[in-house]
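Architecture at a glance
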Amino acid sequence: MAMTGTILAGGENRRIPLLKGHIEINGKKIIDSSVNLMRNLFGRAVISTNTPELYFYCGAPMIGDTINQRGPLTGIFSVLSNIKDDAIFVVACDMPFLNGQLMKYMVDKYNNFNSGTNKWDAVIPVFEGKPQPLFGIYSKNILGVIEERLNKGLKRLKDLLTEINVLYIKEEEVRQI
């Protein structure tokens with residue numbers, strides 16, 4: 001199943017006064033490493049941002065928020081609304097140690113299950129006892145649910161997970177990989 005790699009780069013950088021995606025680790029900006037990994041895994045990478053001028057140099061398509069609400073849920077909604085693929089693999093722009101092996105594992109789980117009649121709306125790993133919704137797969141099937149939540153001003157990604165069909169990758173599996 002075709003999937004678009006998506007990097008959420010819309011944060012307001014309130015905690016750190018610099019662009020988190022531009023922090024260098026081992027001589028490379030986090031965002032550059034993420035774009036490269038997404039291209040390698042999915043053949044394409046999209047950056048969700050309302051400040052495209054900061055990311056033009058990445059050479060990746062960019063999608064801004066299609067509705068006037070800030071937050072990761074709006075970014076996910078905007079990208080899902082504007083791509084041809086059935087699903088996206090989402091990461092935050094400030095994740096320096098993305099694990100391609102774990103990402104492939106999650107994609108395989110998603111694809112294997114979604115070939116039947118039941119379908120996962122999302123695949124989310126659990127780490128340190130908590131779901132990690134900024135590192136996961138989201139299906140276009142949930143566009144209506146997201147739109148409804150955003151129209152009501154409900155922006156929390158973790159709350160969305162309670163309303164959709166989520167495959168949680170157990171912490172033991174995550175740690176093994």
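Notes on the structure follow. The shown structure was predicted, so the numbers you read here are calculated from the model rather than taken from an experiment. (Residues numbered from 1 in each chain as written. Predicted model: local features only at pLDDT ≥ 70, side-chain atom pairs only at ≥ 80, totals over all residues. Heavy atoms only, no water.)

1. Structural notes on the overall build of the protein chain
The helix and strand tally for the protein chain stands at 6 helices and 10 strands. Against the compact-globule benchmark of 16 Å for 177 residues, the protein chain has a radius of gyration of 15 Å, which places it among compact chains. Per-residue burial over the protein chain gives 44% buried out of 177 residues. A separation threshold of at least 6 residues defines the contact pool for the protein chain, and within that pool the share at least 24 residues apart is 66%. Of the roughly 9200 Å² of accessible surface on the protein chain, 50% is carried by carbon and sulfur atoms. Distance between charge centroids for the protein chain: 1 Å, based on 21 positive and 18 negative side chains. (Helix = DSSP H or I, 4+ residues; strand = E, 2+ residues; numbered from the N terminus. Rg over C-alpha atoms; globule rule 2.2 N^0.38 Å. Buried < 20%, exposed > 50% of the residue type's maximum accessible area, 1.4 Å probe, protein only. Contact = heavy atoms within 4.5 Å. Areas by Shrake-Rupley, 256 points an atom, 1.4 Å probe, with all protein chains shown as cover. Lys, Arg positive; Asp, Glu negative; His and termini not counted. Charge placed at Lys NZ, Arg CZ, Asp CG, Glu CD.)

2. Regarding the pattern of salt bridges
Counting across every chain of the model gives 7 salt bridges. Residue Arg70 pairs with Asp65 through a salt bridge whose shortest N-O separation is 3.2 Å. Its relative accessible area of 40% is what places Arg70 among the partly exposed residues. (Salt bridge = Lys/Arg side-chain N within 4 Å of Asp/Glu carboxyl O.)

3. Description of the nonpolar core
It is characteristic of soluble globular proteins that their nonpolar side chains tend to be buried jointly. Ranked by size, the top nonpolar core spans 30 residues in total, and within it Ile31, Phe89, Met103 and Ile137 carry the most contacts. Secondary structure elements with two or more residues in this core: β1 (3-8), α1 (30-42), β4 (45-48), β6 (87-92), α3 (100-113), β9 (135-139) and β10 (166-169). Grouped together as the second largest cluster of nonpolar side chains are 22 residues, Ile124, Ile146, Leu157 and Ile164 included. (Core = buried A, V, L, I, M, F, W, Y, C linked by side-chain atoms within 4.5 Å.)

4. Structural notes on the environment of Pro72
Mapped onto the elements, Pro72 comes out in helix α2 (residues 72-81). Separated by 45 residues in the primary sequence, Pro72 and Gly27 place their C-alpha atoms 27 Å from one another. Discounting residues that sit within four places of it in the chain, Pro72 has contacts with Leu8, Leu134 and Leu157.

5. Quick notes on the layout of surface pockets
Computed from the structure, the second largest pocket encloses a volume of approximately 530 Å³. Lining the second largest pocket are 21 residues, and of these Met95, Gln132, Pro133, Leu134 and Phe135 sit closest to its centre. Elements represented by at least two residues in the lining of the second largest pocket include exactly β7 (122-127) and α5 (157-160). Among the residues making up the lining of the second largest pocket, the classes are represented as 14 nonpolar, 3 polar and 4 charged. (1 Å grid on protein atoms, 1.4 Å probe; cavity = no way out; pocket = protein on both sides within 12 Å on 5 of 7 lines; lining within 4 Å. Points joined across faces, edges and corners; volume = space filled by probe spheres on them. Nonpolar A, V, L, I, M, F, W, Y, C, P; charged D, E, K, R; others polar.)

6. Looking at the side chain of Asp85
Structurally, Asp85 is set in the loop between α2 and β6. Every residue in contact with Asp85, bar those within four places of it in the chain, is listed here: Ala2, Met3, Thr4, Arg44 and Lys140.

7. What about the state of the cysteines?
Evaluated as defined, the whole model comprises 0 disulfides. For the unlinked cysteine Cys58, the closest cysteine sulfur is that of Cys93, found at 10 Å. (Disulfide = S-S within 2.5 Å.)

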